[in-house]
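Listed below are the residues making up each chain.
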Amino acid sequence: MWVFMERSLATVWAFLLGAGLTLAFSVATTKNVPQSLQLLGCVFIPRSNVTCHWTPGDNQATYYTLKAEKMLRSKNLTFSCTTTGLSCTAGINGSGLRFTFCISVISHSISGNVSSKIRCQSARIEGKLAPVSLNSVRQVDGSPHCLSVSWTSNVTHFPLAPFEIERGELNSQIKFTAEGEVNAQVRNVSVTGYTFQVCLFKPYTSYTLEIRNRYLGEASPWSEWSNPFQGRTAEAAPSAAPALWREVGPIGRNGRRLISLLWKPLPRFMANGRVTFYNVTCRAENGLTLSDYGSCGKLQPETTSCSLPLPAGRCSCSLTASTSAGTSPKALVWISGSSEKEPPPPAELTATPLGDDSVKIRWRPPPDLSVSGFVVEWVAVREETSSVLHWEKLNSSSTKLIITEGVKTMERNAISVKALYGEQGAGGNITLHVYTQEGTPSAGPDVRVEHISETSVELSWSPVPVEQLHGFIRSYALVCTTRNQLARSVTVPGDLHRYTLENMSPGIYDIFIRASTVAGTGPAGNPANVHIGSEEISIVICIIVPLLLMSLVSILILLLAQMRVIKKKLFHRVPDPSNSTVSQWNPTTSFENKKLIMEQEKPEVSFPEVIGRRDPERAHSYLPICKAQLCFDPQLSSFPARASDRGYITNMTKTQSADDLSIRPWSYSTVLYNQCNQNPPSSPQAGQKADICRNDSNQPADGVSESSVFPFTESEEQKAFAVFLERLKSLQSSSPDFSGTPPSCVSLPHQTDSPRLNATLSAYRKLPSDSFASTFPSLAFMDLSSSPVEFGPYISSDRYIKI
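Below, the structure is looked at part by part.

Conventions used here
- Residues numbered from 1 in each chain as written.
- Predicted model: local features only at pLDDT ≥ 70, side-chain atom pairs only at ≥ 80, totals over all residues.
- Heavy atoms only, no water.
- Helix = DSSP H or I, 4+ residues; strand = E, 2+ residues; numbered from the N terminus.
- Buried < 20%, exposed > 50% of the residue type's maximum accessible area, 1.4 Å probe, protein only.
- Contact = heavy atoms within 4.5 Å.
- Areas by Shrake-Rupley, 256 points an atom, 1.4 Å probe, with all protein chains shown as cover.
- Pairing = 2+ DSSP bridges.
- Axes fitted to C-alpha atoms, helices over the stretch in contact; angles between N-to-C directions.
- Core = buried A, V, L, I, M, F, W, Y, C linked by side-chain atoms within 4.5 Å.
- Salt bridge = Lys/Arg side-chain N within 4 Å of Asp/Glu carboxyl O.
- Disulfide = S-S within 2.5 Å.

## Quick look at the overall build of the protein chain
For step 1, the next point in the chain: The number of helices and strands found in the protein chain is 7 helices and 42 strands.
For step 2, the next point in the chain: Considering the protein chain as a whole, with its 803 residues, one finds that 39% of them fall into the buried category.
For step 3, the next point in the chain: If you take every contact in the protein chain between residues at least 6 apart in sequence, the share linking residues at least 24 apart comes to 67%.
For step 4, the next point in the chain: Here the protein chain displays about 45,600 Å² of accessible surface, and carbon together with sulfur accounts for 54% of that area.

This is the structure in structure tokens:
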């Protein structure tokens, strides 16, 4: 065993010794071999120049010379340049790239000149091709991922013939940039002609293209990029379904719910074209397709929501988007039944503001439950204006989201997350209110005084509108100010909206409230003016003042009632005499100094009426009791014997129609012209006294029986006649002596409705005229010019009574 180990160690040492010797020999050999001048490569610019690069080697040259010899059949042409550097450019005097050039580099030093190996080859192997020009970029029908590119070149500067291009001797690259993108992409393409197709693009996308070329392999440098040209690919069917969500309304009277479907337009790279329309299909749980689609029947391409009534049971709705090339896959949303129990929401939700216009939220899935996805909803919380609902649908593995859409600084947002449970629909939501940045409130709450006691004031206030909060309210500051005292401030928590200030001394206070957030305290709201006095003052204010107000109101009501009564008593409806036809009656009489003394007591008469006495034969019903020379006959020659001229005024009431004015209802006093003398003179002479006949009985007119306006009983008639006689006697006692005057004439009716009155009248008829005249001497001197007499509506104004 020991022998074997010794042999192994000897072998190892021998191997190591040999390796060391080999390494030392190789180093010594390398140092002894000198490095020569070497040409690295050249670049030919067509009809311009050639630029070459080299390495100097071990020779310490003072300068270098580049020689490019153009090989011709008759005579070679040499082009050269000198430099102290490691590259040099020599002109080739307009030569093309189809010629062969032999190139070498000579190093000049003190020890001598050293030349590199001469390399002879075609100039286009290392020639830089001239840039080409793009003519068009067009879409390819049926190939939405391809574009057709056409180009041209300058023949004098491009060294390849068309057949060489077809053989694939031209290497090409394309550079393209999609619309809306910044970074360009470069891809190798195969160009076998002046028109070629490139299938590297997305459908219905606009691209800007450029190409460059080189000859054969890597030895040839790339040409410059061509001019840019823009083109759009053809449309394709959408590659993905739209994101679909819903809002569920309450059940209506018809047992249906109003469902609002919401979807987001497909991104351009998913739409693959211009969406021409959307299609919605809804089915009940039993698979029956519903027919009432509400506003979801015809959807325009710019529409992103619609509403339709659905049954209360579980339903599903699908949405597809269509372009000119095809239809997208279906987006499906399940709507759970109204009587079903909601699945649980996510377990936890947190929010972290990332700046003024973004917030990051995180949540944890419901434990021990399998979910098919999540929906995040957020909306700006507003009270005075409406806001837009934003939402995002995520897959089942998502547990976070950065929200940037619709988020503003100092604006409250309500963020909620719901879990999706496949055909069971969405579960409950967990909600969080978030500010990306808080500010101070822009307004304060208005104070309301609820109750005032002797030493305390109970206050309440409403929250400031959320648009003016700009943050979460941490506290309220209640400030009381009064004269000659320091302001008193009380801080209450932000969740209180009612507080009682205790230990208030009597005085007048201004109380206002300020709201505070983490950013600071806002301005004060509208103050409340509070007066705190003694208990007696409170009693006066609370009891006596209302009583005084009630008394004042009662007095006003009584005064208004009394004013109505006084108005009724003092302001009767009096006829206007200026509108009466009797105002034009101006009778003449010889008894100008005599006034009517006797007034008969009668009930109030509504309207006097002068009517014609058409039946002359009715005069026999009136007795002439008068002095012969004072009576006059209405049938005198000066008064034409017409029915309308033989008139009397009587108290009567007629019933009239609308067309017959002869029977209109009127009340009258009686004035009767009676025949006292059988043969009176044709007309009263000057100085003669006219007969005055007075009658107070009812007489028929025009064949219509007239009822008495004053219906008296027998006792009332006797009393009235007795009063009449007493008034006549009193007038006689106060009148002058008329014994020398001819007998007076008073017309009394022959018959009345009262038997007793008829008997009394008969007794007076038997008296001699002198005795009656001596009893009633004043009847002869009654002045009728001042009597209230009015013509009826059917008596013309030119007919009047002459006395």
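## As for the sheet that holds strand E19 (residues 305–311)
For step 1, the next point in the chain: Pairing within the open sheet is antiparallel, and its 3 strands lie in the order E16-E17-E19. The open sheet has two edge strands with one neighbour each: strand E16 (244–251) and E19. In this sheet, adjacent strand axes meet at a mean angle of 25 degrees when their direction is disregarded.
For step 2, the next point in the chain: Relative to strand E17 (residues 256–263), E16 runs antiparallel, the two sharing 6 bridges. Each residue of the ladder has a partner; that of Glu247, found in E17, is Ser260.

## Notes on the nonpolar core
In a soluble, globular protein the nonpolar side chains are often hidden away together inside.
For step 1, the next point in the chain: Formed by 31 residues in total, the largest nonpolar core has its most connected members in Trp245, Leu261, Trp263, Val280, Cys282, Leu308 and Leu310.
For step 2, the next point in the chain: Of all the secondary structure elements, the ones that give two or more residues to this core are E16, E17, strand E18 (277–284), E19, strand E20 (315–323) and strand E22 (331–335).
For step 3, the next point in the chain: Residues in contact with Cys282, not counting those within four places in the same chain, are Leu288, Thr289, Leu290, Tyr293, Leu308, Leu310, Ser316 and Cys317.
For step 4, the next point in the chain: Membership of the second largest hydrophobic core comes to 24 residues, among which are Leu459, Val466, Tyr476 and Ile511.

## Here we look at the sheet that holds strand E9 (residues 133–140)
For step 1, the next point in the chain: Strand order in the open sheet made by the 3 strands is E9-E10-E13, with antiparallel pairing throughout. Because the sheet does not close on itself, it has two edges, and the strands there are E9 and strand E13 (195–198). Put simply, the sheet's adjacent strands are angled 25 degrees from each other on average, direction ignored.
For step 2, the next point in the chain: Pairing of E9 with strand E10 (residues 143–152), which is carried by 7 bridges, proceeds in the antiparallel orientation. The partner of Arg138 across the bridge, within E10, is Ser148.

## Looking at the pattern of salt bridges
For step 1, the next point in the chain: With the rule as written, the count across this model stands at 15 salt bridges.
For step 2, the next point in the chain: Where salt bridges share partners, they join Arg124, Glu164, Arg167 and Glu169 into one cluster.

## Here we look at the state of the cysteines
Covalent bonding between the sulfur atoms of two cysteines is what defines a disulfide.
For step 1, the next point in the chain: Considering all chains together, one arrives at 6 disulfides under this definition.
For step 2, the next point in the chain: Between the sulfur atoms of Cys102 and its disulfide partner Cys120 the distance amounts to 1.8 Å. The sign of the 120 degrees torsion about the S-S bond sets the Cys102-Cys120 disulfide as right-handed. Pair noted here: Cys102 is in strand E6 (residues 100–108) and Cys120 is in strand E8 (residues 119–122), with a separation of 18 residues, a long-range link.
For step 3, the next point in the chain: Since its relative accessible area comes to 10%, Cys102 is described here as buried.
For step 4, the next point in the chain: By relative accessible area, Cys120 is classed as partly exposed at 46%.
For step 5, the next point in the chain: At a sulfur-sulfur separation of 1.8 Å, the disulfide partner of Cys146 is Cys199. The chirality of the disulfide connecting Cys146 with Cys199 is right-handed, given an S-S dihedral of about 105 degrees. Taken together, the residues span a long stretch of sequence, with Cys146 in strand E10 and Cys199 in the loop between E13 and strand E14 (206–215) at a distance of 53 residues.
For step 6, the next point in the chain: The cysteine Cys315 is free of any disulfide, with Cys317 supplying the nearest cysteine sulfur at 6.8 Å.
For step 7, the next point in the chain: Classification of Cys315 by relative accessible area gives buried; the value is 1%.

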